[in-house]
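These are the residues of each chain, in order.
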Amino acid sequence: MTLPPKPPSRAGRVSLWRYMQLFKQDLLSAQPARLYRAWMAEFRTPFFRSYLCNQPALIDTVLKSRPDDFPKSDRIREGLAPLLGNSVFVTNGETWKQQRRIIDPAFEGGRLRDTFPAMLAAGQSAVARLQSLADGVPLEIEAQTSHVAADVIFRTLFSVPIEDEKASAVFAAFRAHQRTQPVVNLAALLPLPKWMPRPHRRDTVRTAAQIRALITQMTEARMVQIEDGTAPDDLATKIMTTVDPETGARFETDDMVDQVAIFFLAGHETSASALAWALYLLALYPEWQDRIAEEAGAGEIGFSDIGQLKVTRDVFRETLRLYPPVPMMVREAACPERFRDRDIKPGSQIVLSPWHLHRHERLWEKPDVFDPTRFETENGKACLREAYMPFSAGQRVCTGAGFAMIEGVLLLALLVRAYRFELVPGRPAMPVAHLTVRGKDGIWLRVKPR
């Protein structure tokens, strides 16, 4: 049986210096194989302790039962600060709660229906764009999924296609930023005073500033439209006009720039990753392509049709299990804890790994096998509840989780009913994890008209 690609685990113990070298290259292959069976593992450094938790009860404690006792770690924030500023992705406490009260209404069920036409237009544009490339010549598919995912963000957020001058400039600057962004800011791992600035690569700071300047221009222009009563009814307008019911506050321009930056990072980067891996898996198991194409049919797909695309949904769901776009999440213990008979000191890092949880050998049946039908089994249903968190869980679950599931199913259905995706001999994909799980040397496929 052909298994989906999985990075090799490191062999045995290694020195801290060697671990950091491996970590910089890839988060996943730097980890030992025992994490696919362990309920909890402790890692020691000269500066702090880190505990990776796979046991569902521990994950429930951290994310659902007592989330305020496990805030997001500043060590992740430090690496992303030049781009994300004070966005909802990195804040904690009352600041984060206020941000979510303003943002969440834009992603409620009724609003998702309103954004669907823009999402559909982006998908149809992607199908048309691939037409000239569907000649069987090897194509790096991540570049294509990145393009359509960015198009979805711009159309739903600001009502402009990616061909718009400003949108195109943001997309170009973001791709440049990705190439400069390290996996982690190593200075953030040191016990430096919080007031001391952490150094960042010059290109990282420069490209982040370019992106934020462009987003500022788009946000300021929208502020003017809102004041004039001419603003389109899209996600940006909804968020910028929502008042926090508890404080009466609204997002100012700087606040909105922070949030747009994370919408673009999270909504574009993660969606591009998931869609690219879904297409690769379909090339690896072509019988599933035919099932999706048959299910999608030839007519226009409407919002109410998404719930009927069950095969497509399960393929996308299984893709998120095997290749969760965000492979690890880091929290920090705010008070003394005791996990599995171990004392956890305040300041310890609590690592939750969707990558290892989704492939855990003591939870999932045949965890490394691609099987979209698993969610119909008792094991699959139980694991969906207890061991599946591609969008995190609890109060900090991704606010765009519903948006992402509609987007992924829709784009997959549109692309697969129009084209066949085939493997390129000699160019297998191997996942590596930096900010998200991507192909080490890209994901190469042949695309042909169906």
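Up top is the structure these notes are about.
Owing to the predicted nature of the structure, the values given are computational and were not obtained by experimental measurement. (Residues numbered from 1 in each chain as written. Predicted model: local features only at pLDDT ≥ 70, side-chain atom pairs only at ≥ 80, totals over all residues. Heavy atoms only, no water.)

(A) Structural context of the layout of surface pockets. Reported here for the second largest pocket is a volume of approximately 700 Å³. In terms of lining residues, the second largest pocket is bounded by 25 residues, among which Val432, His434, Arg438, Gly439 and Lys440 are the most central. Secondary structure elements with two or more residues in the lining of the second largest pocket: helix 1 (16–25), helix 6 (141–158), helix 7 (165–180), strand 9 (431–433) and strand 10 (437–439). Of the residues in the lining of the second largest pocket, the class split is eight nonpolar, nine polar and eight charged. (1 Å grid on protein atoms, 1.4 Å probe; cavity = no way out; pocket = protein on both sides within 12 Å on 5 of 7 lines; lining within 4 Å. Points joined across faces, edges and corners; volume = space filled by probe spheres on them. Helix = DSSP H or I, 4+ residues; strand = E, 2+ residues; numbered from the N terminus. Nonpolar A, V, L, I, M, F, W, Y, C, P; charged D, E, K, R; others polar.)

(B) Local environment of the packing of helix 6 against helix 15 (residues 401–418). Across the interface, helix 6 lies against helix 15 with an axial gap of 12 Å and an inter-helix angle of 130°. Classified by the angle between their axes, helix 6 and helix 15 sit oblique to one another. Crossing angle aside, the handedness with which helix 6 passes helix 15 is right-handed. Judged by residue contacts, Val148, Ala149, Val152 and Thr156 of helix 6 engage Phe403, Glu407 and Leu411 from helix 15. (Axes fitted to C-alpha atoms, helices over the stretch in contact; angles between N-to-C directions. Parallel < 35°, antiparallel > 145°, perpendicular 65-115°, else oblique. Left-handed = near helix turned anticlockwise from the far one by under 90°. Contact = heavy atoms within 4.5 Å.)

(C) Looking closely at the packing of helix 12 (residues 310–322) against helix 15. One way to put it is that helix 12 packs onto helix 15 with a least axis distance of 9 Å and a crossing angle of 115°. Both helix 12 and helix 15 take part in a crossing whose hand is right-handed. Of helix 15, the residues touching helix 12 (which contributes Thr312, Arg313, Val315, Phe316 and Leu320) are Ala404, Met405, Gly408, Val409, Leu412 and Ala413. The class makeup of the residues in the contact of helix 12 with helix 15 is eight nonpolar, two polar and one charged.

(D) Quick look at the side chain of asparagine 54. Within the secondary structure layout, asparagine 54 lies in the loop between strand 2 (49–53) and helix 2 (56–65). Of note is the side chain of asparagine 54, whose polar atom sits 2.9 Å from the backbone oxygen of leucine 35. Here alanine 38 takes part through its backbone oxygen, which lies 3.1 Å from a polar atom of the side chain of asparagine 54. (Polar contact = N/O pair within 3.5 Å; in protein donor to acceptor, adjacent residues only side chain to side chain.)

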